[in-house]
Amino acid sequence: MTERTFVMVKPDGVSRRLIGECIRRFEQRGLKLVGMKMLTLSRQQAERHYAEHEGQPYYEGLIAFIVSGPSVQMVWEGEDAIAQVRKMNGATNSLNAEVGTIRGDFALSGRRNIVHASDSPETAAREIALYFKDEELLHYAMPDEDWLR
Ligand code: CDP
Ligand code: MG
């Protein structure tokens, strides 16, 4: 099924000049970029984004990290986009992330793990709405689309 998923290149990914590497991988896979912006998250945006983690021992450190510098917000569309991007990002803790995934190729940390992606259709809808208005999301055709579903 064609899905849209929310992806963020976190402040470590921006600082380590990995925005292009992340975009290249998603494009190469056949996904379509339908929304993009760059922001330094406010504390309030960060708390909304990571609301389900409130109370966890790592929560304060996670919020401090995610607001520490600019991040890139994107929406990617494609067949099973939500699960595909999660696989491409790799396991949360870089120690467990397979080589070949973004985290497995570029990260060593359990927190500074380069990239975020939605984990379900419900999460994707919620996260996309946190950062994008409807009119900021594009609808357009790609000439190779029939080969990618
Ligand atoms: O990002 P993902 O969905 O793979 O993992 P999560 O379990 O939803 O956790 C969200 C983020 O919190 C992770 O990507 C890490 O950046 C951070 N985290 C952390 O700092 N320390 C932990 N023990 C677990 C997660
Ligand atoms: Mg998560």
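Residues numbered from 1 in each chain as written. Chains lettered and ligands numbered in written order. Predicted model: local features only at pLDDT ≥ 70, side-chain atom pairs only at ≥ 80, totals over all residues. Heavy atoms only, no water.

**Concerning helix H2 (residues 19–29)**
Among the residues making up H2, those that are buried are Glu21, Cys22, Ile23, Arg25 and Phe26. Those residues of H2 hidden inside the fold are in contact with strand E1 (2–9), strand E2 (32–39), strand E3 (71–79), helix H5 (81–89) and helix H6 (102–106). Positive phi shows up at glycine 30, right after H2, with a value of about 110 degrees. (Buried < 20%, exposed > 50% of the residue type's maximum accessible area, 1.4 Å probe, protein only. Helix = DSSP H or I, 4+ residues; strand = E, 2+ residues; numbered from the N terminus. Contact = heavy atoms within 4.5 Å.)

**Regarding the packing of aromatic side chains**
Aromatic rings considered in pairs are described by the distance between their centres and by the relative angle of their planes. For the structure shown, the criterion picks out 2 aromatic pairs. Ring plane angle 5 degrees and centroid distance 4.7 Å describe the contact between phenylalanine 6 and tyrosine 131, whose orientation is recorded as stacked. Of this pair, phenylalanine 6 sits in strand E1 while tyrosine 131 sits in helix H7 (residues 121–131); the two residues are 125 residues apart in sequence, bridging distant segments of the chain. Across the pair, tyrosine 131 and phenylalanine 6 agree in class, each one buried. Measuring from ring centre to ring centre gives 5.5 Å for phenylalanine 26 and tryptophan 76, while their planes differ by 55 degrees; the resulting arrangement is tilted. Of the two residues, phenylalanine 26 sits in helix H2 while tryptophan 76 sits in strand E3, which places them 50 residues apart along the sequence. One exposure class covers both phenylalanine 26 and tryptophan 76, and it is buried. (Phe/Tyr/Trp six-rings, centres within 6.5 Å; stacked < 30°, edge-to-face > 60°.)

**A closer look at the nonpolar core**
Counting residues in each nonpolar core, the largest one holds 20 residues, and the members touching the most others are Val7, Phe26, Met74, Trp76 and Ile114. Among the elements of the structure, E1, H2, E3, H5 and strand E4 (115–117) are those that each provide at least two residues to this core. The contact partners of tryptophan 76, leaving out residues within four places of it in the chain, are Glu3, Arg4, Thr5, Val7, Ile23, Phe26, Glu27, Leu31, Lys32, Leu33 and Ala81. Counting residues in each nonpolar core, the second largest holds 16 residues, with Tyr59, Leu62, Ile128 and Phe132 among its members. (Core = buried A, V, L, I, M, F, W, Y, C linked by side-chain atoms within 4.5 Å.)

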